[in-house]
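# Survey of secondary and tertiary structure
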Amino acid sequence: MSVVSVFGLGRIHVSLSAKTTQSFSSKPHPVSQLGASVTSKGTRKRLQLQHVPEIETENHQKEIPGFANELVPRGEAPENWEKVLQGIRQMRSSADEHEPVAREEAADNSERRFAVLASSLLSSQTKEHVTRGATQRLRENGLLTAEAMNKADEETIKNLIYPVGFYTRKASNLKKIANICLMMYDGDIPSSIGDLLLLPGVGPKIAHLVMIKGWNNVQGICVDTHVHRICNRLGWVSRSGSKQKTLTPEETRQGLQRWLPKEEWVPINPLLVGFGRSICTPLRPHCGECLVSSFCPSAYKEASSFSNSKKLTLNKKP
């Protein structure tokens, strides 16, 4: 019997015989589609599907990060990247460094890891001080464990985490995550990127952050909108086989990991997030204040483009 593997767009087709062909997807399946039962590393139990809540996905496409990276050779590092990082560190040295809100100081146990996961979920599209406040209110009410969260009323959770972004959806997702963690992981959280991505509301950035802060396991770079924007402005990443900008943070993560030394994978996120909030802002970046503008192919271009567009709008007759 011969086996022939063909790598396609997100799917792997394996021909087992002339009469039998099976198709496997490289993307994680929702728990509701895994079969009649699920076996967990934490519990080693077989769970019936009716006990597992329906898993929802956000707008982003959920894929297991790292798969694409295994199919391509390590890329060449961009010129002067070390000087750029040094300059950004110099600019950030006198400012308060951004620290991911998932940092928890409790003992290294399942409760701490669940708190890391919960606070990471809350942090999506939410300012740090708002996320910290919501996390603290959950802690004060004893809801930062899977068991307590699962028992809590969804309306109570929603009121405690307000005004985080999408607080209604996040309250619902927290309940579902707590239930999954209880049934499949004995109250702990998943210990792999693939399993974390199966949780409702968890995308690649949150999954990698939880692996780093929850399990002390660096599997990839946390790429949010700041890191995505800055890496494209600096010309550090591009779409595969072209010089075009990456379209999503996940594309940026894959491109960045092809050349950035692994010892920089953790510090790159807080460094660029702080830089993106103070200097390399989404609109009208402060290129005149930037110490690395001479290395940036986008320097002054976006600021001048915005200024010219504003002038045209003001000069336009009603």
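Please read these numbers as outputs of a predicted model, since none were measured by experiment.

Scoring rules and cut-offs
Residues numbered from 1 in each chain as written. Predicted model: local features only at pLDDT ≥ 70, side-chain atom pairs only at ≥ 80, totals over all residues. Heavy atoms only, no water. pLDDT = per-residue confidence, 0-100. Contact = heavy atoms within 4.5 Å. Core = buried A, V, L, I, M, F, W, Y, C linked by side-chain atoms within 4.5 Å. Buried < 20%, exposed > 50% of the residue type's maximum accessible area, 1.4 Å probe, protein only. UniProt positions renumbered as here; feature names shortened; annotations may be inferred. Helix = DSSP H or I, 4+ residues; strand = E, 2+ residues; numbered from the N terminus. Axes fitted to C-alpha atoms, helices over the stretch in contact; angles between N-to-C directions. Parallel < 35°, antiparallel > 145°, perpendicular 65-115°, else oblique. Left-handed = near helix turned anticlockwise from the far one by under 90°. Nonpolar A, V, L, I, M, F, W, Y, C, P; charged D, E, K, R; others polar.

### Remarks on the confidence of the model for the chain
On average, residues of the chain carry a pLDDT of 78, and 67% of them reach 70 or more. With pLDDT under 50 throughout, residues 1-72 is counted as low confidence; its partners more than four residues away or in other chains account for 121 contacts. Confidence over residues 306-314 falls short of pLDDT 50; this stretch has 1 contact with residues more than four positions distant or in other chains.

### Observations concerning the nonpolar core
With 38 residues, the main nonpolar core has Phe 114, Leu 117, Leu 138, Ile 157, Ile 161, Ile 177 and Val 202 as its most contacted residues. Core analysis: the next-biggest nonpolar cluster, separate from the first, contains 28 residues, Leu 85, Trp 259, Val 273 and Val 292 among them.

### Description of the UniProt feature "active site" (unreviewed entry) in the chain
On the UniProt side, "active site" (unreviewed entry) is annotated at positions that read Lys 213 here. Tracing the backbone through its elements, the reader meets Lys 213 in helix H8 (residues 204-215). A residue is classified by how much of its surface remains accessible, and Lys 213, at 24% relative accessible area, is partly exposed.

### Quick look at the packing of helix H9 (residues 225-233) against helix H10 (residues 249-257)
Relative orientation of the contacting elements H9 and H10 amounts to 60 degrees, with a least axis distance of 9 Å. Viewed along their axes, H9 and H10 adopt a mutual orientation that is oblique. Seen from above, H9 lies across H10 with left-handed handedness. Every residue of H10 that contacts H9 at Val 227, His 228, Cys 231 and Asn 232 is listed here: Pro 249, Thr 252 and Leu 256. Here the residues of the contact of H9 with H10 sort into 4 nonpolar, 3 polar and no charged.

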